[in-house]
Amino acid sequence: MPGNVPLNLSEYLRVLKLTRKPTREEFTVIAKVAGAGILLIGFIGFIIYLLITILPGWF
């Protein structure tokens, strides 16, 4: 394996034991934030697309 990545299964199991299922409220907040981020990235991409396609026609 490249680097010094440990392949000790007990460490991964210890982390998995600490995890828990999120509550409905936590899930909805995470979903809203992720959705807002996707929309923001899409809007920025659309603005860049418009600048690249329309702006050269003005000169």
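Residues numbered from 1 in each chain as written. Predicted model: local features only at pLDDT ≥ 70, side-chain atom pairs only at ≥ 80, totals over all residues. Heavy atoms only, no water.

A. The arrangement of the overall build of the protein chain in detail. On a plain count of helices and strands, the protein chain comes out with two helices and zero strands. Buried residues in the protein chain amount to 0% of all 59 residues. Element-wise, carbon and sulfur atoms account for 74% of the exposed surface of the protein chain, whose accessible area totals about 5,900 Å². (Helix = DSSP H or I, 4+ residues; strand = E, 2+ residues; numbered from the N terminus. Buried < 20%, exposed > 50% of the residue type's maximum accessible area, 1.4 Å probe, protein only. Areas by Shrake-Rupley, 256 points an atom, 1.4 Å probe, with all protein chains shown as cover.)

B. Local environment of the pattern of salt bridges. What the rule picks out here adds up to one salt bridge. Arg20 is the partner of Glu26 in a salt bridge, and the nearest nitrogen-oxygen pair spans 3.1 Å. (Salt bridge = Lys/Arg side-chain N within 4 Å of Asp/Glu carboxyl O.)

C. Looking closely at a nonpolar patch on the surface. A grouping of Leu40, Phe43, Ile44, Phe46, Ile47, Ile48, Tyr49, Leu51, Ile52, Ile54, Leu55 and Trp58 is seen on the molecular surface, where their side chains present a nonpolar patch of about 1,200 Å² in accessible area. Looking at Ile44, the relative accessible area reads 42%, which means it is partly exposed. (Patch = residues over 30% accessible without salt bridge, like charges linked within 9 Å, V, L, I, M, F, W, Y side chains within 5 Å.)

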